[in-house]
Amino acid sequence: MIKNRSFYSDFKQKYGPWAVVAGASEGLGAAFAEELARLGVNLVLLARRWNKLNTLADTLKQKYSIDVLFQSVDLADFDATQQYLNSLDVEIGLLVYNAAYAPIDYFKDVADHELDTLVSVNMRTPLRLIKHLSAKMISNKRGGIVIMSSMSGLQGSPKIVSYSASKAFLMILAEGLWSELKPYGIDVVGCCAGAIITPGYQNAQSGSAPGTLRADQVAHQALLALGNGPIVTPGLMNKIARFVMGTLLPKKWAISIMKNNTKNLSR
Ligand SMILES: NC(=O)c1ccc[n+]([C@@H]2O[C@H](COP(=O)([O-])OP(=O)(O)OC[C@H]3O[C@@H](n4cnc5c(N)ncnc54)[C@H](OP(=O)(O)O)[C@@H]3O)[C@@H](O)[C@H]2O)c1
């Protein structure tokens, strides 16, 4: 798994002793937690399901001899999230914002409260959390931020239009922050991921798209890209697809291909 020894041996020193993984209870978030634990980084795990967090925390503590704190919190509620983080007396050097809300349906059929949740989980909380945690990183002159985006954010994506628009927002956010925070010693990377085998993906999709990656592969490549940024696309096939969809093809064609890919998605 470990490709770049000097990067990994310096990791904790470079970014600090603790990382927050927002959306950590399963799938990619749990994979990020394990990859960071392997590097000896202590963890603050956030998600709604306490039991899953508890099991993961126990496993990681035993396997990697690190400290793990966790809290059941709804990331749609930034104030509750901030209150918990403020109660901790630890130096947080890394944030992985992994959680997302995806109301899969045609836009006309998505309820107003679902759109509000999407704005909170996919945009408001990442903005506020990054602002909150980066203030300390700026004064410590070190830190890292990984923001999960998606190839669905490269063009309009029918049946997931609000989700894909929020992923485009996160990609542009990562690009801007990558430049602004670099002088303060903070590495930012946006992860423009293709399909990943996770419970969320498997619930929404039958079968798997070409180029589908395991969660641990994506977590590994995203962390390895810290310091390179601004955007990483894990997997060769996905890199090619991103170039074709995002650069080569006329928008109309890219949207049409996406429409074909998303038409069988279900809640
Ligand atoms: N899977 C893919 O194919 C794919 C492709 C491209 C990009 N991505 C991106 O990768 C990230 C992870 O995807 P995934 O498939 O692993 O998602 P997932 O299986 O749905 O898991 C998401 C994680 O976030 C947590 N979470 C979700 N909403 C939350 C909330 N309101 N408050 C607190 N925690 C919350 C979940 O835990 P609880 O339910 O316990 O709260 C879970 O731990 C997302 O940002 C997604 O957009 C995924």
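Basis of the calculations
Residues numbered from 1 in each chain as written. Predicted model: local features only at pLDDT ≥ 70, side-chain atom pairs only at ≥ 80, totals over all residues. Heavy atoms only, no water. Helix = DSSP H or I, 4+ residues; strand = E, 2+ residues; numbered from the N terminus. Rg over C-alpha atoms; globule rule 2.2 N^0.38 Å. Buried < 20%, exposed > 50% of the residue type's maximum accessible area, 1.4 Å probe, protein only. Contact = heavy atoms within 4.5 Å. Areas by Shrake-Rupley, 256 points an atom, 1.4 Å probe, with all protein chains shown as cover. Near = heavy atom within 4 Å. Polar contact = N/O pair within 3.5 Å; in protein donor to acceptor, adjacent residues only side chain to side chain. Core = buried A, V, L, I, M, F, W, Y, C linked by side-chain atoms within 4.5 Å.

Peer 1: Go over the overall build of the protein with me, naming the residues and quoting the values.
Peer 2: When you go through the protein residue by residue, the secondary structure sums to ten helices and nine strands. Its C-alpha atoms give the protein a radius of gyration of 18 Å, near enough to 18 Å, the size a compact globule of 267 residues would have. Taking the principal axes of the C-alpha coordinates as reference, the protein spans close to 50 × 35 × 35 Å. Relative to its full complement of 267 residues, the protein shows a buried share of 50%. If you take every contact in the protein between residues at least 6 apart in sequence, the share linking residues at least 24 apart comes to 72%. Counting only carbon and sulfur atoms, one obtains 53% of the accessible surface of the protein, whose full area is about 12500 Å².

Peer 1: With reference to specific residues and values, describe the site of the ligand.
Peer 2: Around the ligand, 27 residues are found, and the nearest of them are S25, R48, N98, Y163 and T198. One nitrogen or oxygen atom from the main chain of E26 is found 3.3 Å from an oxygen atom belonging to the ligand. Measuring from a nitrogen atom of the ligand, one finds a backbone N or O atom of L75 at 2.8 Å. Protein contact buries 90% of the 870 Å² of open area that the ligand shows by itself. Those elements that place two or more of their residues in the shell around the ligand are strand 5 (143-150), helix 6 (161-181) and helix 7 (199-204). Counting residues per element, the shell around the ligand draws most heavily on strand 5, which supplies three residues.

Peer 1: Account for the nonpolar core, with residues named and values stated.
Peer 2: Ranked by size, the top nonpolar core spans 42 residues in total, and within it F11, F32, L36, L43, L45, L60 and L94 carry the most contacts. The element that contributes the greatest number of residues to this core is helix 2 (residues 27-38), accounting for seven residues. In contact with L94, not counting residues within four places along its chain, are F11, Y15, W18, A19, V20, L36, M137, G144, I145, L223 and L226. One finds L85, I92, I145 and M151 within the second-largest nonpolar core, a separate group that totals 34 residues.

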